[in-house]
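Chain by chain, the residues run as shown.
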Amino acid sequence: MSTPTETLAFLREVRLFKDIAEPELMILGQSLDARPLRRGQVICREGDPGEEMFVVRTGSCVISKLVTGRVEQVLARIGPGDFFGEMSLFDRSPRSATVQADSDATLLALDREGLRRMTEVSPRAAAAFFHALVLIFIERLRASGDLVAEVTRWGLEATGLDLDARA
Amino acid sequence: MSDLRAPSTPPPKPSRPARLELLVRPKDDDESFEVREIGSATAFVQSRPQRIAPDAFELAEGGSRVAGQHHFILKNKTTDRFLMLTEREKFLWEQMDGRTSLQQIATAYVLRYGEFDFEIIPNLIRKLQRAQLLTLTPSSRLRQALARNRRKPMVKAIESGFTVLERINISSRNVHRVFAVLYRFGGFLLFTPAAVVALAVLALVGVGVGVKLWQEGGDIVAGFGGHAVRGILMVKLLFFLTVAAHQIVHGLALVHYGRRVREFGFTFLHGFVPTFYVDVTDIFMASRRARVVTAVAGASVHLVLGCVWFIVAYFSPLGSFTQAFAAASGMIQWQAFVIALYPFCFIEMDGYHVLVDVLGVPTLKQEAMAWAGGLVRGRVSGRFGRQEQLFALYVTLSALSVAAFIAFNVMLISHARS
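Residues numbered from 1 in each chain as written. Chains lettered and ligands numbered in written order. Predicted model: local features only at pLDDT ≥ 70, side-chain atom pairs only at ≥ 80, totals over all residues.

Caption draft 1: Region of interest: the overall build of chain B. Within chain B one finds 15 helices and ten strands. Put simply, chain B has 418 residues, and 28% of those count as buried. (Helix = DSSP H or I, 4+ residues; strand = E, 2+ residues; numbered from the N terminus. Buried ≥ 20, exposed ≤ 12 C-beta atoms within 10 Å, placed from the backbone.)

Here is the structure:
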């Protein structure tokens, strides 16, 4: 169990919260719920309803999307300071991927109520939070494009498919 | 402000093959998982291209204006697209049955033509795909069959076991230098006329001693006392280690013929047969004689060890554990020698590779099995030409040989137990 000071020190290092002032960060810290995980524990499965987003405090997690049967494609591996689950938090849609602890880990959960409170109490902190979020989204969007390109290249190389073919 | 402009220069062309990172769960609803990286090159050589159904294409030999040069016309009857194939391309097309991997097809090509053009297979695949004459099925038949029956707990357990074992692969691709040193410091002696003479003499002595021991078989196996099965298991374990020597001699033969040893390692073949292996594919670029010598040299290790064990057994006290152990070890080594060089046992061992090399039928086993399967299902035409005779001979001899081998071992074990 970490102290509020330790939590604050950690949050200061998280990119998502880097532009939030310390007093507001302290309030935010109180809204975060620590969740210890053992290795292999599934945090959420693709298709589950989602009400929270998570910041990885310690350990690492694997984000994967079902491909077929028992096989899933690894979308990302995330470690301390990274976050996930924000899409369902905002648009209320089911989880888009499965997240599983790759090692013993601790997450900090932020639910819809915590987010609403932050927005109401400090619009400036909320703006900083959303700005950081957008920048990270852009990075992820670019990474998704790279992943699609890599998977496509894999398919072309693995099958010897001819791009000049005119079927 | 985010930068959404397109980059002014195109991104550099990736230099490494693409890799997929896949998360595989061994069991349903289980927390355990494994992340595997699969390179596109691995997937490509293990893919099993399958030509379209026989009634969907026509193949005809085209007229040639140059004597000795054949070409063929392949027509996709659905799309009315035509493709011209050389004789070599036709050979490759015939291998694309959905069961043979590209790696095996490349090997068959080298065995057939004695050389390899590294572009011919990818180029042909591109041509065939363009003409919609091909589908690709990437995965082994064994694993497909297991996957189909995964609902049965036993099958699922076997599949899980295979998956775990298949992943065990301890190998090095940087071994050529080691083999070259081994060759320089004594390995070359194995490929001299003196070694051949010594082998012949040793074999003769071994046969003589073996016959003598066989006559005293009952007293010898009594040396195991009441632990015959345990003794034989120990013999098998020791034998397994000598498989490494077999593979090392294959590697030395490669060095002898100036070819490269590309890999040496240990793995579980098909997920359940523990084995050492050496990559001898570079020998396909050498002469047929070199290929035959390489195949026979590895197997000869078992002949030598068998003879040595028989001589040890001969000079050991009658009925002692040492004699029983040595005799059983000699027997298993000789069995390994015969199996390695005997081509008719459904296993693609050294002898099989020599046979297909000599016959010029690189996919004999696959074709013969397909023919026999068709025969059982009543899907074979009445034609019984030379090729069909060869298939029938291969399947019959192999079936009889396997039955005889099993019977011989059952007899040995029951003889030992009694």
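Now that the structure is up, let's keep going.
Caption draft 2: Region of the structure containing the overall build of chain A. Each helix and strand in chain A was counted, giving five helices and eight strands. Its helices and strands in sequence order give chain A the pattern α-α-β-β-β-β-β-β-α-β-β-α-α, from N to C terminus. Relative to its full complement of 167 residues, chain A shows a buried share of 26%. Here the contacts in chain A between residues at least 6 apart in sequence split such that 72% fall between residues at least 24 apart. (Contact = placed C-beta atoms within 7 Å.)

Caption draft 3: Main features of the interface of chain A and chain B. Between chain A and chain B, the residue contacts involve 24 residues of the former and 27 residues of the latter. Elements with a contribution of two residues or more to the side of chain A that touches chain B: strand S4 (61–68), strand S5 (71–78) and helix H5 (123–159) of chain A. At eight residues, the largest contribution of residues to the side of chain A that touches chain B is made by H5(A). Residues of the side of chain A that touches chain B, tallied by class, amount to eleven nonpolar, seven polar and six charged. (Nonpolar A, V, L, I, M, F, W, Y, C, P; charged D, E, K, R; others polar.)

Caption draft 4: Broad picture of the pairing of strand S6 (residues 81–86) of chain B. Residues and elements named next belong to chain B. Bridging between strand S5 (residues 71–76) and S6 involves six bridges; their strand directions are antiparallel. Residue Phe-72 lies in a different strand from S6, and its bridge partner there is Leu-85. Counted along the chain from S5 to the antiparallel partner S6, the turn is four residues long, and its residue Asp-80 has a positive phi close to 60°. (Pairing = 2+ DSSP bridges.)

Caption draft 5: Focus on the nonpolar core. Judged by nonpolar contacts, the single largest core of 72 residues is most densely connected at B:Leu252, B:Phe310, B:Ala327 and B:Ala328. In terms of residue count, helix H12 (residues 321–341) of chain B provides more of this core than any other element does, twelve residues in total. Contacts of B:Phe310, omitting those with residues within four sequence positions, involve B:Gly206, B:Val209, B:Gly210, B:Leu213, B:Ala327 and B:Gly330. In terms of nonpolar packing, the next biggest core, distinct from the first, is built from 33 residues, A:Phe10, A:Ile20, B:Leu23 and B:Phe33 among them. (Core = buried A, V, L, I, M, F, W, Y, C linked by C-beta atoms within 7 Å.)

Caption draft 6: Just the sheet that holds strand S2 (residues 34–39) of chain B, in detail. Sheet architecture is open: six strands sit in the order S2(A)-S7(A)-S4(A)-S5(A)-S1(B)-S2(B), paired in antiparallel fashion. Among the strands making up the open sheet, the edge pair consists of strand S2 (42–44) of chain A together with S2 of chain B. Neighbouring strand axes in the sheet, compared pairwise and without regard to direction, differ in orientation by 40° on average. Note: strand S1 (residues 19–24) of chain B against S2(B), six bridges, orientation antiparallel. Paired with B:Leu22 across the two strands is B:Arg36, which belongs to S2(B). (Axes fitted to C-alpha atoms, helices over the stretch in contact; angles between N-to-C directions.)

Caption draft 7: Inspection of the environment of B:Asp282 at higher detail. Residues and elements named next belong to chain B. Along the chain, Asp-282 turns up in the loop between strand S10 (273–278) and helix H11 (288–315). On a C-alpha basis, the gap between Asp-282 and Arg-262 in space is 7.7 Å, while along the polypeptide they are 20 residues apart. Filtering out sequence-adjacent residues up to four positions away, Asp-282 remains in contact with Leu-254, Arg-259, Arg-260 and Arg-262.

Caption draft 8: Geometry of H11(B). Between its first and last C-alpha, H11(B) extends 41 Å over 28 residues, near the 40 Å set by a 1.5 Å rise per residue. Along its length, H11(B) reaches its greatest deviation from straightness, about 30°, at B:Ala299. (Expected span 1.5 Å × (residues − 1). Bend = angle between axes of the 7 residues up to and from the residue.)

Caption draft 9: Inspection of the sheet that holds strand S8 (residues 105–111) of chain A at higher detail. Residue and element names in this part refer to chain A. In space, the four strands of this open sheet follow the order S1-S8-S3-S6, with antiparallel pairing throughout. Looking at strand neighbours, the two that pair on one side only are strand S1 (33–37) and strand S6 (83–84), the edges of this open sheet. For strand S3 (residues 52–58) and S6, the ladder comprises two bridges, and the chain directions are antiparallel. Considered in S6, the bridge of Val-55 is made with Phe-83.

Caption draft 10: Region of the structure containing the packing of H11(B) against helix H13 (residues 350–359) of chain B. Residues and elements named next belong to chain B. Running from N to C, H11 and H13 point in directions that differ by 160°, and their axes come no closer than 9 Å. Compared by their axis directions, H11 and H13 come out roughly antiparallel. Note on packing geometry: the crossing formed by H11 with H13 is left-handed. Residues Arg-288, Arg-291, Val-292, Ala-295, Val-296, Gly-298 and Ala-299 of H11 form the contact with H13, whose participating residues are Asp-350, His-353, Val-354 and Asp-357. Residues of the contact of H11 with H13, tallied by class, amount to five nonpolar, two polar and four charged. (Parallel < 35°, antiparallel > 145°, perpendicular 65-115°, else oblique. Left-handed = near helix turned anticlockwise from the far one by under 90°.)

Caption draft 11: Local environment of the pairing of S5(A). With seven bridges connecting them, S4(A) and S5(A) associate as antiparallel partners. Across the sheet, the residue bridging to A:Thr68 is A:Val71, located in S5(A).

Caption draft 12: Molecular detail of the packing of helix H10 (residues 228–256) of chain B against H12(B). All names here are of chain B. The contact between H10 and H12 brings their axes to 9 Å, and the two run at 50°. Comparing the axis directions of H10 and H12 gives the class oblique. Relative to H12, H10 is oriented so that their crossing is right-handed. For the pair formed by H10 and H12, the contact residues are Gly-231, Ile-232, Val-235, Lys-236, Leu-238 and Phe-239 on the first element and Ala-324, Phe-325, Ala-328, Ser-329, Ile-332, Gln-333 and Ala-336 on the second. Of the residues in the contact of H10 with H12, the class split is nine nonpolar, three polar and one charged.

Caption draft 13: Up close: the environment of B:Leu102. Residues and elements named next belong to chain B. Here Leu-102 shows up in helix H3 (residues 102–113). Accessibility expressed as a C-beta count within 10 Å gives 23 for Leu-102, which makes it buried. Taking the C-alpha atoms as reference points, Leu-102 and Pro-49, 53 residues apart in sequence, are found 7.3 Å from one another.

These values are about where atoms sit, not about what they do.
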